[in-house]
Amino acid sequence: MNPLYFDNNATTRVAPEVVEAMLPYFTEYYGNPSSMHTFGGTVGRQINEARAKLADLLGASPEEIVFTSCGTESDSTAIMAALRSNPDKKHIITSRVEHPAIKNLCEYLAKTGYRVTFVPVDAKGRLDMDYLTHNLTDDTAIASFMWANNETGVIFPVDEIAGILSERDIIFHTDAVQAVGKVPIDVKKNRIDMLSLSGHKLHAPKGIGALYVRKGTKFSPFLIGGHQEKGRRGGTENVASIIGLGRASDFVAAHMTEENTRVKSLRDKLETRLVQKIPNALVNGDTDNRLPNTSSIAFEFVEGESILLMMNEFGICASSGSACTSGSLEPSHVLRAMGVPFTAAHGTIRFSLSIYNTEPEIDLIVEKLPPIIERLRAMSPFWKGSCGCAT
Amino acid sequence: MWEYTDKVKDHFLNPRNVGEIENADGVGEVGSLACGDALTLYFKLDDQQRIKEAKFKTFGCASAIASSSALTEMLIGKTLEEAETITNENIADYLGGLPREKMHCSVMGRDALEKAITCYRGSAEKKIEGEIVCECFGVTDIQIERAVRENHLTTIEQVTDYVKAGGGCGNCHEKIQEIINTVLGKEEAPARKKSPVLTNLQKIKLIEQTLEREIKPALNKDGGDIELIDVSGNVVQVRLRGTCATCKKSQITLKNYVEAKLRELVTPELMVEEVTL
């Protein structure tokens, strides 16, 4: 069965164009870019070409790009670099809805002597800007706010945040893992000091990421080793994947308009139809400021894992904010921070699209999902019909 | 992705005995929407006092639905005395096993069965026995003790897998460990310190008193001062004044002194946050 893949915020298909660009770097151009010989040196030039392509996608200069192994490494590198280069400052400010790569790191740092402020969001997942502004201190070493939320797709006002932070001269890092490739990004527009991204979210392979570090930002490497990446990240380059990320940067740039028109309208159609056909279905998050590919819908009084597994029978792949799928017992911290009631949080499903999705796939989900929800609700002791009342 | 057995998948995709029984002889309700799973179990007896019909309604994940379905199958044809002997392990075994993290689904089945039988026998619905240990999921010391004893659990993680306790904020981990130790006979049952349960109003008053009587005088000595801004849940928001406001060590004061003092004298869950303008 061909999967109906609607889980692109988890990972994406590597574009065939990307694979094709990568292949020669396994068996043909396998030299080490650090070598003195031409065989290796040529590879080094190709890496820099890939670097330039990725820089173009972000509006950055090539020398501002540091390749890493993943989004998490980029995030850790950014936070730790800011803390090490400001040893006197012991305060970190971030949001309550960050990806675990930031959230868990900050919680860890909170136990080791740093003070961390987690800025709340409102019911639609919008950042409390007053709270943010009022909690900046002279002791603040770094502010880290995601560009777009992985679960709801809600986009934070990065420009505004950058403005506030640059006035206070506080380092601004943004985890843009979900945004890069989906919405236009220009780091020059505002003072963004560091920006994390991950290859496999934009049709490059898993195992490659990058960190943008604005020229002039104090930096300290996370992986200490060789002189690779100008001493900013030790370790022999993941050549083929870097080439892949470069090619993928061109690929998503070329499809940016499509992502924000065709893909967006597929997402809107899916969401509208599902909410129309299924009673007590609610869209989570700020629909005015959202990634074009993401839809988070709560189906009240049923549980997310059950929905996912029943959709799985039809080859439909999505993910859920429910507790049961993750192995934790509480529903997603993002939905809880938004104050989504438990009735809805446990039954939240995230659909995330890519340019590879098609209209017939949408129609199939719109056909298959309503009976699944109905069936699970018929089994649920809380469901008393579509009046919305529960015991 | 969970590794569910074929039998779990079968009972999830084709659940047996879904529904309610009107005029049931016994009904048992457990769980809640907040907890993420809930089960209502119904049974009806024939004239030989055997269970002739058992039905369920479940809100929850695949293994919760499968455990409920399996339980109803296991019940039909049994006397109540026989049914009473069913353990959560039996339910899991019937399904060919459950992932470790999902064992609480089988415990939920067993709990619903017990409640339904109690309901039939007409003994007044038993009050929650024991003392709540895990506030997040409302699990009592007696429930934890029983799960530890019956399933030979040795770690907090296992307790969470079986009865959910400790799976939320984590504040109760110490207490859970004490219970495990007691059951395993490692230690004499510790004299449980009864930390008083405070109402919001009592808590806020106590925080105010502690700030006025203990903390302010100490800070005043160094020319500093502190003001209470708000209390929301267990987060105490304060503003530092006087020399504290400009002191580089104020964060240390806040955590190591103010928070520690409030935790000691009010309740150990408190967190202190500074509000700056």
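Visitor: Quick question: what am I supposed to make of the overall build of chain B here?
Guide: A count of helices and strands for chain B gives eleven helices and eight strands. With respect to the three principal axes, the spread of C-alpha positions in chain B is 80 × 40 × 40 Å. Excluding contacts between residues fewer than 6 apart, the proportion of contacts in chain B whose partners are at least 24 apart in sequence is 55%.

Visitor: Help me understand the overall build of chain A in this model?
Guide: A tally of helices and strands in chain A yields 14 helices and 13 strands. Over its C-alpha atoms chain A spans a radius of gyration of 22 Å, differing by no more than 12% from the 21 Å that the globule rule assigns to 391 residues. The dimensions of chain A, computed from C-alpha atoms along their principal axes, are 70 × 50 × 35 Å. Within the span of chain A, comprising 391 residues, buried residues form 54% of the whole. Taking the intrachain contacts of chain A between residues at least 6 apart in sequence as the baseline, contacts between residues at least 24 apart amount to 71%.

Visitor: Quick question: what am I supposed to make of the domain arrangement of chain B here?
Guide: Reports often express the size of an interface as the amount of accessible area lost when the parts come together. Residue and element names in this part refer to chain B. Partitioning chain B into structural domains gives domain 1 (6-121), domain 2 (132-183) and domain 3 (200-274). On a C-alpha basis, the centres of domain 1 and domain 2 stand 22 Å from each other. Facing eight residues of domain 1, the contacting portion of domain 2 comprises eight residues. Ranked by residue count, the leading element in the side of domain 1 that touches domain 2 is helix α5 (residues 103-121), at three residues. When the residues that make up the side of domain 1 that touches domain 2 are grouped by side-chain class, the tally is three nonpolar, two polar and three charged.

Visitor: What am I meant to see in the interface of chain A and chain B here?
Guide: At the interface, 26 residues of chain A touch 26 residues of chain B. The set of elements that each furnish at least two residues to the side of chain A that touches chain B consists of α10 (304-312), α11 (323-326) and α13 (342-345) of chain A. Per-element tally for the side of chain A that touches chain B: the top contributor is α10(A), with three residues. Partitioned by chemical class, the residues of the side of chain A that touches chain B number ten nonpolar, nine polar and seven charged.

Visitor: How should the sheet that holds strand β4 (residues 115-119) of chain A be read in this particular structure?
Guide: Backbone hydrogen bonds hold the strands of a sheet together, and the pairing may be parallel or antiparallel. All names here are of chain A. Strand order in the open sheet formed by seven strands is β2-β8-β7-β6-β5-β3-β4, with mixed pairing between adjacent strands. In this open sheet, the two strands that pair with only one neighbour each are β2 (65-68) and β4. Pairwise comparison of adjacent strand axes, ignoring direction, gives a mean angle of 20° for this sheet. In this structure, strand β3 (residues 91-95) lies alongside strand β5 (residues 140-144), joined through four bridges in parallel fashion.

Visitor: I'm lost on helix α11 (residues 250-265) of chain B in this one. Help?
Guide: Given 3.6 residues per helical turn, the α-helix brings residues three or four places apart onto the same face. Residues and elements named next belong to chain B. Taking 1.5 Å of rise per residue, the 16 residues of α11 would be expected to cover 22 Å, and the 21 Å separating its terminal C-alpha atoms lies within 8% of that figure. A maximum bend of about 25° is found in α11 at E259. Regarding α11, the residues found buried are S250, V258 and L262.

Visitor: Explanation requested: the environment of A:M256 in the structure shown.
Guide: With respect to the element layout, A:M256 can be found in helix α9 (residues 256-277). Placed 75 residues apart in sequence, A:M256 and A:G181 show a C-alpha to C-alpha distance of 6.9 Å.

Visitor: Explanation requested: the packing of helix α2 (residues 62-75) of chain B against α5(B) in the structure shown.
Guide: Angle between the axes and distance between the axes are the two parameters that describe a pair of packed helices. All names here are of chain B. Running from amino to carboxyl end, α2 crosses α5 at an angle of 40°, the nearest separation of the two axes being 8 Å. Classified by the angle their axes make, α2 and α5 are oblique. Regarding α2 and α5, the two cross each other, and that crossing is right-handed. Listed contacts from α5 to S63, A64, S67, S68 and L71 of α2 are C105, S106, M108, G109 and L113. The residue inventory of the contact of α2 with α5, partitioned by class, reads five nonpolar, five polar and no charged.

Visitor: Just checking my understanding: could you explain the nonpolar core for this structure?
Guide: Proteins that are soluble and globular tend to have nonpolar side chains buried together. Core analysis: the largest hydrophobic core is formed by 170 residues, its most contacted members being A:Y212, A:I307, B:I144, B:V159 and B:A165. In contact with A:Y212, not counting residues within four places along its chain, are A:L58, A:A60, A:E64, A:I65, A:V187, A:M194 and A:L195. Ranked by size, the runner-up nonpolar core spans 13 residues in total, among them B:V238, B:L240, B:L262 and B:L270.

Visitor: Could you clarify how one ought to interpret the sheet that holds strand β1 (residues 26-32) of chain B in this entry?
Guide: Residues and elements named next belong to chain B. Strand order in the open sheet made by the three strands is β1-β2-β3, with antiparallel pairing throughout. Looking along the sheet, the strands with just one partner apiece sit at the ends: β1 and β3 (51-59). Here the strands of the sheet are splayed against their neighbours by 10° on average, with no regard to which way each runs. By the bridge criterion, seven bridges tie β1 to strand β2 (residues 37-45) in an arrangement that is antiparallel. Bridged to G26 within β2 is F43. Relative to the sheet, α2 contacts β2 and β3, its axis offset from that of β3 by approximately 175°.

Visitor: When you look at the confidence of the model for chain B in this model, what are you seeing that I'm missing?
Guide: Per-residue pLDDT for chain B averages 86, and the proportion of residues at 70 or more is 91%. Both confidence scores are given for the complex: pTM 0.81, ipTM 0.87.

Visitor: Teacher, can you tell me more about the domain arrangement of chain A here?
Guide: All names here are of chain A. Examined at the domain level, chain A breaks down into domain 1 (16-254) and domain 2 (256-379). For domain 1 versus domain 2, the distance between C-alpha centres works out to 28 Å. Each partner contributes to the interface: domain 1 provides 22 residues, whereas domain 2 provides 20 residues. Grouping the amino acids of the side of domain 1 that touches domain 2 by side-chain chemistry returns eleven nonpolar, five polar and six charged.

Scoring rules and cut-offs
Chains are numbered independently. Their residues run from 1 in the order of the written sequence. Chain letters and ligand numbers both follow the written order, the letters beginning at A and the numbers at 1. Residue-level local features of this predicted model are given only where pLDDT is at least 70; pairs of side-chain atoms are given and counted only at 80 or more, and the full residue set underlies all totals for whole chains, interfaces and linings. Every helix listed is a DSSP run of H or I at least four residues long, and every strand listed is a run of E at least two residues long, numbered separately from the N terminus. Think of it this way: build a C-beta for each residue from its backbone, and any pair within 7 Å is a contact. C-alpha atoms define the radius of gyration, and 2.2 Å times the number of residues to the power 0.38 defines the globule rule. Exposure criterion: with C-beta atoms placed from backbone coordinates, a residue whose C-beta has 20 or more other C-beta atoms within 10 Å is buried, one with 12 or fewer is exposed, and one in between is partly exposed. Domain start and stop points were drawn from an automatic or database domain assignment. Amino acids outside the nonpolar list (Ala, Val, Leu, Ile, Met, Phe, Trp, Tyr, Cys, Pro) and the charged list (Asp, Glu, Lys, Arg) are all regarded as polar, and Gly is one of them. The rule for pairing is simple: two strands pair if DSSP sees at least two bridges between them. What counts as an axis is a line fitted to C-alpha atoms, over the stretch in contact for a helix, and the angles between N-to-C directions run from 0 to 180 degrees. How far a helix is expected to stretch is found by multiplying one less than its residue total by 1.5 Å. Bend angle per residue: angle between axes fitted to the 7 residues ending at that residue and the 7 residues starting there. By definition in this entry, angles of less than 35 degrees are roughly parallel, angles greater than 145 are roughly antiparallel, angles of 65 to 115 are roughly perpendicular, and the rest are oblique. Crossing handedness: left-handed means the near helix sits turned counterclockwise from the far one by under a right angle, and right-handed means the same turn made clockwise. Here, a nonpolar core denotes buried Ala, Val, Leu, Ile, Met, Phe, Trp, Tyr and Cys residues that are linked to one another through C-beta atoms within 7 Å. A score from 0 to 100, pLDDT tells how confident the predictor is in each residue.

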